[in-house]
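Chain by chain, the residues:
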Amino acid sequence: MESALEAAINEWHASVNDSDAERSARAVGDPIVVLGPKGAGPITPEQFAEWVQRSGIRLIPRSWHPVSARLMVVEEDATWPESPAPTRVATVFRVAGGKVTAALRLPDLKSALELAYLCREMAATE
């Protein structure tokens with residue numbers, strides 16, 4: 001049986017991979033915290049949907065690494081229209097209320113797991 005965490009992340013991937021702006025906006029919290037090669041910070045669901053449309057990215061999940069009830073690292077093969085050869089990346093996802101509230105993309109699984117464990121420990125000591 002799929003957990004709420006997995007369901008939210010699966011919906012996020014489906015909406016991004018379909019380049020569906022409306023569905024992408026519904027799949028994320030307000031705001032969603034993002035991290036990627038062009039920066040980091042909170043953005044609105046509308047800004048996230050614009051990024052989905054503009055980037056044309058596709059992220060195919062390859063391995064799942066649960067960190068806590070709200071955090072999951074997913075290793076993915078990423079492709080873009082201008083470079084269809086896949087690049088392996090990893091994303092730290094945080095979920096609340098059935099929506100992805102953070103998507104922190106890192107260049108490799110090790111970096112993503114280190115960040116996820118740090119985030120988990122920070123949350124545990126609040």
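Every value quoted in this text rests on a predicted model; they were computed, and no experiment measured them. (Residues numbered from 1 in each chain as written. Predicted model: local features only at pLDDT ≥ 70, side-chain atom pairs only at ≥ 80, totals over all residues. Heavy atoms only, no water.)

Trainee: Outline the side chain of Ser24, supporting the account with residue identities and numerical values.
Mentor: Residue placement: Ser24 occurs in helix α2 (residues 21–27). In this structure Ser24 comes out as buried when scored by relative accessible area, which is 0%. In terms of polar contacts, Ser24 uses its side chain to reach the backbone carbonyl oxygen of Asp20, at 2.8 Å. If near-sequence neighbours (up to four positions away) are discounted, Ser24 is found in contact with Ser15, Val16, Phe48, Ala49 and Val52. (Helix = DSSP H or I, 4+ residues; strand = E, 2+ residues; numbered from the N terminus. Buried < 20%, exposed > 50% of the residue type's maximum accessible area, 1.4 Å probe, protein only. Polar contact = N/O pair within 3.5 Å; in protein donor to acceptor, adjacent residues only side chain to side chain. Contact = heavy atoms within 4.5 Å.)

Trainee: Give me the pairing of strand β2 (residues 39–43): which residues, what numbers.
Mentor: Each regular strand carries side chains that alternate between the two faces of the sheet. As paired strands, strand β1 (residues 28–36) and β2 are joined by five bridges and run antiparallel to one another. The residue of β2 that forms the bridge with Ile32 is Ile43. Counted along the chain from β1 to the antiparallel partner β2, the turn is two residues long. (Pairing = 2+ DSSP bridges.)

Trainee: Can you lay out the side chain of Ser63 for me, pointing to particular residues and giving the numbers?
Mentor: Its place among the elements puts Ser63 in strand β3 (residues 58–66). On the accessibility criterion, Ser63 (18% relative accessible area) is buried. Polar contacts involving the side chain of Ser63 include one to the side chain of His65, which spans 2.8 Å. Sequence-distant contacts of Ser63, that is, excluding residues within four places in its chain, are made with Val73, Val74 and Glu75.

Trainee: So what's going on with the packing of aromatic side chains? Which residues, and what values?
Mentor: To describe a pair of aromatic rings, one takes the distance between the centres and the angle between the planes. Applying the stated criterion to the full structure yields three aromatic pairs. Seen from their ring centres, Trp12 and Phe93 are 4.9 Å apart, and the 75° between their planes marks the pair as edge-to-face. Of this pair, Trp12 sits in helix α1 (residues 4–17) while Phe93 is found in strand β5 (residues 83–96), placing the two residues 81 residues apart along the sequence. In this pair, the class of Trp12 matches that of Phe93, namely buried. With 5.7 Å between their ring centres and 35° between their planes, Phe48 and Trp51 make a pair best called tilted. Within this pair, Phe48 and its partner Trp51 are both found in helix α3 (residues 45–55), separated by three residues, close to a single helical turn. (Phe/Tyr/Trp six-rings, centres within 6.5 Å; stacked < 30°, edge-to-face > 60°.)

Trainee: Explain unusual backbone geometry residue by residue, including any values.
Mentor: With omega at 5°, the peptide bond leading from Asp30 into Pro31 counts as cis. Tracing the backbone shows Pro31 in strand β1. Positioned with a positive phi, Ser19 is a non-glycine residue whose angle comes to about 55°. Among the secondary structure elements, Ser19 is positioned in the loop between α1 and α2. Judged by relative accessible area, Ser19 falls into the partly exposed class, the value being 31%.

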